[in-house]
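# Structural overview
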Amino acid sequence: MKNTALTDLHIALGAKMVPFAGFSMPVQYSGINDEHETVRNGVGVFDVSHMGEFILKGDHALDLVQKISSNDASKLYDGKVQYAYLPNETGGVIDDFLVYRIDENTYFLVVNASNIQKDWDWISQHNTFGVTLKNISDETSLFAVQGPKASEALANLTDIDLPTMEYYTFTKGRFAGIENVLVSATGYTGAGGFEVYVANKDAETVWNAIFEAGAPYGIKPIGLGARDTLRLEMGFCLYGNDIDDTTSPLEAGLGWVTKFSKDFVNADGLKQQKEAGLQHKLVGFEMIDRGIPRHGYTIVDAAGHPIGCVTSGTQSPTLKKSIGLGYVPIAYAKEGSEIYIDIRNNKVKAVVVRPPFIN
């Protein structure tokens, strides 16, 4: 089990630690609902230093990104971030990830913790362009400062103009007395905020500075439990749950980051699938009857016949009702369609809705 630079600090703060993606990670501190509300209404900090970071550098760095990525990175400019996925050759998804353009010859990729080695091997395998690759995952810490008060809480720590930073952009500057810190605004909670990338040696200094600056705003440490409920209320995919090596990115609703205007791994296969018509679709749903849907539960029709599977589900702290994501046949994917979740051999009614679940 790997640790982040601040594992001991989280234990000292009373965090409940759990194994996640090969790391010992804080799942909660004060409780998932309390932490969820803190981020929705105020400001909280996630230590997500388990995430992976790669640097691609060279004259043909863009060519490599274009080959492995579903999205069109030629549209990026310095300081811009793009969401994409790594398609495999059999119609599935190796990972979803972020592409940061540092400059025309340098790209910074952020990948999921559980897929660091898999992604590294895949990208290396396709590096026929002589691009220099560097895996800085083990030396990089990442804090996600999320919530509507994040900008105010961090204002005195940096010379970066946080309030004017646009969604899916980044910049580098002085932060908590540390030079050349990368700060972005990509978010995974729908509550606004920023991501702060620092070297492990500076992690504790930056963490402590964030909490000192955020104290007047009621800042709290937040665990992965609330991160999951927050992202699910937005309808954001979680790799390993909603998308994986066997799921179609088109059926998962990732057509908007699938650009057939350029060549990439399995572009032809995905194009054929699109032209043939999708058979299933990842949909959001709200429970009508009482019950909490969980990952892996069977979705059935009115007669009780299996038609799909729940990929994510929870009791929404904001809505006070149960919500979920799952794959169903196209015939059941229309908004307003009634479906049923098999919960302990009980057929529990739900209705298909269009994410995000909250405004």
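It should be noted that the structure appears before, not after, this text.
A short tour of the structure in this document, coming up. (Residues numbered from 1 in each chain as written. Predicted model: local features only at pLDDT ≥ 70, side-chain atom pairs only at ≥ 80, totals over all residues. Heavy atoms only, no water.)

Looking now at the side chain of aspartate 72. You can see aspartate 72 is positioned in the loop between α3 (61-68) and β5 (81-87). At 4.4 Å, lysine 75 is the nearest oppositely charged side chain to aspartate 72, a buried residue that forms no salt bridge. Not counting residues up to four positions away in its chain, the partners in contact with aspartate 72 are Gln66, Gln82, Lys259, Ser261 and Lys262. (Helix = DSSP H or I, 4+ residues; strand = E, 2+ residues; numbered from the N terminus. Buried < 20%, exposed > 50% of the residue type's maximum accessible area, 1.4 Å probe, protein only. Lys, Arg positive; Asp, Glu negative; His and termini not counted. Salt bridge = Lys/Arg side-chain N within 4 Å of Asp/Glu carboxyl O. Contact = heavy atoms within 4.5 Å.)

The next point concerns the sheet that holds strand β10 (residues 170-175). The strand order β10-β11-β12-β9-β3-β13 describes an open sheet built from 6 strands, whose pairing is mixed. Only two strands of the sheet have a single neighbouring strand rather than two, namely β10 and β13 (220-222). Neighbour-to-neighbour, the strand axes of this sheet turn through a mean angle of 30°, independent of strand direction. Where strand β11 (residues 178-184) and strand β12 (residues 193-199) come together, 3 bridges link them in antiparallel fashion. Across the sheet, the residue bridging to leucine 182 is tyrosine 197, located in β12. The sheet strands contacting helix α2 (residues 32-41) are β3 (44-47), β9 (140-146) and β13, and the helix crosses β13 at an angle near 115°. (Pairing = 2+ DSSP bridges. Axes fitted to C-alpha atoms, helices over the stretch in contact; angles between N-to-C directions.)

Evaluated as defined, the whole model comprises 12 salt bridges. Here glutamate 233 ties to arginine 40 by a salt bridge, and the two come within 3.0 Å at their closest N and O atoms. Remark: arginine 40 occurs in helix α2 and glutamate 233 occurs in helix α7 (residues 224-234); sequence separation between them is 193 residues. Residue classification places arginine 40 among the buried residues on the basis of a relative accessible area of 14%. Between lysine 118 and aspartate 245 there is a salt bridge, with the nearest N and O atoms lying 3.0 Å from each other. Taken together, the residues lysine 118 in helix α4 (residues 116-125) and aspartate 245 in the loop between α7 and α8 (267-276) connect sequence positions 127 residues apart. On the basis of relative accessible area, lysine 118 is assigned to the partly exposed category, the value being 30%. Classification of aspartate 245 as partly exposed rests on a relative accessible area of 34%.

If you trace the backbone, glycine 177 turns up in the loop between β10 and β11. Taking the C-alpha atoms as reference points, glycine 177 and threonine 205, 28 residues apart in sequence, are found 9.0 Å from one another.

To continue, consider the layout of surface pockets. A water-sized probe, rolled over the atoms, reveals where empty space remains. Taken as a whole, the second largest pocket holds about 410 Å³ of empty space. Along the walls of the second largest pocket sit 18 residues, with Ile136, Lys172, Asn180, Leu182 and Tyr197 positioned nearest its centre. At 5 residues, β11 tops the list of elements feeding residues into the lining of the second largest pocket. (1 Å grid on protein atoms, 1.4 Å probe; cavity = no way out; pocket = protein on both sides within 12 Å on 5 of 7 lines; lining within 4 Å. Points joined across faces, edges and corners; volume = space filled by probe spheres on them.)

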